[in-house]
Amino acid sequence: MTHPASVELAALRDEALRLATNAADDAALDAVVQAFLGKSGRLKGHLKRLGSVPAAERPALGKAVNDTVTEVEAAIATRRKALGDARLEAALSDPGFDPTLPGAPVARGTLHPLTLVDQRLDEIFRSMGFYVLDYPEVDSEHYNFEALNIPADHPARDMQDTFWLNDGNLLRTHTSAGQVRTMKAFAPPFRAIFPGRVFRYEATDASHEHTFHQVEGLCIDRHVSVPHLQASMKTLLSGVFGREVKVRLRPGYFPFVEPGFELDIGCLVCDGAGCPVCKRSGWVELLPCGLVHPNVLRAGGLDPDEWQGWAFGLGLSRLVMMRYKIDDIRHLLAGDVRFLSQFSGTGLE
Ligand code: PHE
C-alpha cells in the first residue's frame, strides 16, 4: 500500500508544476519558488515527513522528494525563458520599433587643450632625461619669493601681484616656486620640468587671466653657460615643435637668474619672412629664461662654485593659444563644453 506521504507528494508535485507552467509573469514564478522550493517551502518541507514513514520506504520517499524538486525547478526555468522570449518577440513585432534607427549617442569627453599640449611636452622632456615633477599650488612666501632672491622689500614683488592666504601662505605666482624644492629633493646633476597652474591677483582681459599654466624647466650641472642654455633651448624647442627652430636671446630681468633673458623663436608661421603673427619682425617672444642666480643655488643647498644651472618658464597657456589660434585666454578655464570639445591632437607630434 502506498504511504500517505507519497500520495501527498504526488499532489504537491502536480500543483507546483501546474502553477509553474501557467505562471503569467516572473513575479508569479518567484511566488512558486518561494512557496515550494524554499528551505521550509512545501516541497522541501515534505522531507520532515520522513520520520513518520516506515524505515524501508524512507530512501525511496527521500529520493522522490529530491527528484520532484529538480523537476519543478526545470519547469520554472522553462517557463521563465518562455516568458522572456515572448517579451522580446512582442517588442520586436511592435510596429513602432525600427531596428535600423541609430541608438542614443554616448557623449564622450575630450581632453582639455592644455592637457593635450602638456602631455606631449611631458613626453618629449622625459625622453630627454627630464623628471616631470608636481608641486603644491599653495606654497610659502619662502619658496615663491625669498628662496628665489626676492626679499620682502624687493621691488620685483610688485611684478607679480599675489593672492595671499590668511595663514601667511600664498597661491604660487609662478612655477619657479618649485626650483628650490627640486634642488633640495634631488642630488645634482639633474634636469626637471614642473608644469602647473599659477595665480596672479590681476584684472582679466583677453590676454590676462588670474589663473594660468606654466611649465618650469631646471637643469643643474657642473658647467653650464649661456651658449649651453641657448643650445639646450634650441634642441628642446625643435623637439617640441618637431622642426628646426631658430632661437635668439634678449636681455630680460628676473631676480632669480643672472644673466636673465627673453627667448624669441623664429616665427613658425612665416619662417622669419615677416607676417602678422610675428608683427613683421620674424620673431615671436616665447619664454623667459636665464642662468640660475648663485643665491638661489645657495638656498637650494648647492655650492655655486661647484654647481650651476639654467631655468626657463614657459607660458603653457600662451603656447596652447598659439597652437590652436585661441584669441582669448579666458576661454581656457571657462569650462564651456562647446569650446572644449573642439580640440584633438596637439600639433606637436
Ligand atoms: N617665473 C618667471 C615668471 O613667471 C619666469 C622665469 C622662469 C624667468 C625661469 C626666468 C627663469 O614670470
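Our structure is the block above this text.
Let us look at the structure shown here. (Residues numbered from 1 in each chain as written. Predicted model: local features only at pLDDT ≥ 70, side-chain atom pairs only at ≥ 80, totals over all residues. Heavy atoms only, no water.)

To continue, consider the site of the ligand. Not every one of the 14 residues close to the ligand is listed here, only the nearest: His174, Ser176, Arg200, Gln214 and Glu216. One of the side-chain nitrogen or oxygen atoms of His174 is found 2.9 Å away from a nitrogen atom of the ligand. Take Gln214: an N or O atom from its side chain is 2.9 Å from an oxygen atom of the ligand. Compared with its free state, where it exposes 330 Å², the ligand has 94% of that area covered by protein. The set of elements that each furnish at least two residues to the shell around the ligand consists of strand E5 (211-221), strand E8 (283-292) and strand E9 (308-315). Top element by residues in the shell around the ligand is E9. It accounts for three residues. Residues that form the shell around the ligand fall into these classes: seven nonpolar, five polar and two charged. (Near = heavy atom within 4 Å. Polar contact = N/O pair within 3.5 Å; in protein donor to acceptor, adjacent residues only side chain to side chain. Areas by Shrake-Rupley, 256 points an atom, 1.4 Å probe, with all protein chains shown as cover. Helix = DSSP H or I, 4+ residues; strand = E, 2+ residues; numbered from the N terminus. Nonpolar A, V, L, I, M, F, W, Y, C, P; charged D, E, K, R; others polar.)

Since the α-helix turns once every 3.6 residues, residues separated by three or four places project in the same direction. Relative to the 51 Å expected for 35 residues at 1.5 Å per residue, helix H3 (residues 58-92) spans 51 Å between its end C-alpha atoms, a close match to the ideal helical length. Where H3 is concerned, the buried positions are Leu61, Gly62, Val65, Thr68, Val69, Val72, Ala75, Ile76 and Leu83. (Expected span 1.5 Å × (residues − 1). Buried < 20%, exposed > 50% of the residue type's maximum accessible area, 1.4 Å probe, protein only.)

Right, let's get into the packing of aromatic side chains. Aromatic rings considered in pairs are described by the distance between their centres and by the relative angle of their planes. All chains considered together, the criterion is met by twelve aromatic pairs. Taking 6.5 Å as the distance between ring centres and 45 degrees as the angle between the ring planes, the aromatic pair formed by Phe130 and Trp310 counts as tilted. Residue Phe130 is found in the loop between helix H4 (113-127) and strand E1 (131-132), and its partner Trp310 is found in strand E9; the two are separated by 180 residues along the sequence. Their ring planes at 35 degrees and their centres at 6.4 Å tell us that Phe145 and Trp164 sit as a pair that is tilted. Residue Phe145 is found in the loop between helix H5 (141-144) and strand E3 (170-171), and its partner Trp164 is found in the loop between H5 and E3; the two are separated by 19 residues along the sequence. (Phe/Tyr/Trp six-rings, centres within 6.5 Å; stacked < 30°, edge-to-face > 60°.)

As a further point, take the sheet that holds strand E4 (residues 190-199). By definition, the strands of a sheet pair up through backbone hydrogen bonds, in either a parallel or an antiparallel sense. With mixed pairing, the seven strands of this open sheet are ordered in space as E1-E4-E5-E9-E8-E7-E6. One side of each edge strand has no neighbouring strand; the edge strands of this open sheet are E1 and strand E6 (247-251). Direction of pairing for E4 relative to E5: antiparallel, over a ladder of ten bridges. Looking across to E5, one finds that Ala192 is bridged to Leu218. (Pairing = 2+ DSSP bridges.)

The subject of this paragraph is the pattern of salt bridges. Inspection of every chain in the model, using the stated rule, returns 19 salt bridges. Notably, a salt bridge pairs Asp26 with Arg80, separated by 3.8 Å at the nearest N-O pair. Of this pair, Asp26 sits in helix H2 (residues 26-37) while Arg80 is found in helix H3, placing the two residues 54 residues apart along the sequence. Here Glu285 and Arg250 are joined by a salt bridge, their closest N and O atoms 3.3 Å apart. Note that Glu285 is positioned in strand E8 and Arg250 in strand E6, a separation of 35 residues in sequence. (Salt bridge = Lys/Arg side-chain N within 4 Å of Asp/Glu carboxyl O.)

With that out of the way, let us pick up a nonpolar patch on the surface. On the surface, Leu88, Leu92 and Phe97 cluster together into a nonpolar patch covering about 300 Å² of accessible area. Relative to the helices and strands, Phe97 resides in the loop between H3 and H4. The class for Phe97 is partly exposed, based on a relative accessible area of 42%. (Patch = residues over 30% accessible without salt bridge, like charges linked within 9 Å, V, L, I, M, F, W, Y side chains within 5 Å.)

Moving on: the side chain of Asp328. By the secondary structure assignment, Asp328 is in the loop between helix H9 (316-324) and helix H10 (337-340). At 2.8 Å, the side chain of Asp328 forms a polar contact with the backbone nitrogen of Arg330.

Within this model, the second largest pocket holds a volume of roughly 200 Å³. In this structure, the second largest pocket is lined by 15 residues; those nearest its centre are Arg191, Cys219, His228, Ser232 and Trp310. Elements supplying a minimum of two residues to the lining of the second largest pocket: E4, E5 and helix H7 (226-241). For the lining of the second largest pocket, the element with the most residues is H7, which contributes four residues. In terms of residue class, the lining of the second largest pocket is made up of nine nonpolar, four polar and two charged. (1 Å grid on protein atoms, 1.4 Å probe; cavity = no way out; pocket = protein on both sides within 12 Å on 5 of 7 lines; lining within 4 Å. Points joined across faces, edges and corners; volume = space filled by probe spheres on them.)

Tallied over the entire structure, the rule returns two cavities of 30 Å³ or more. Taken as a whole, the largest cavity encloses approximately 40 Å³ of empty space. If you go around the largest cavity, the residues you meet are Tyr135, Asp139, Arg172, His174, Thr175, Ala177, Gly178, Phe194 and Pro195. Per-class residue counts for the lining of the largest cavity are four nonpolar, three polar and two charged.

On to the pairing of E8, then. The buried fraction of E8 is high, at seven of ten residues. Taken together, the eight bridges between strand E7 (residues 257-266) and E8 define a ladder with antiparallel strand orientation. The residue bridging Leu263 from the neighbouring strand is Leu287, located in E8. Here E8 pairs with E9 via three bridges, running antiparallel. Of the residues in E9, the one forming a bridge with Gly290 is Ala311.

It is worth stressing that arrangement in space is one thing and function is another; only the former is reported here.
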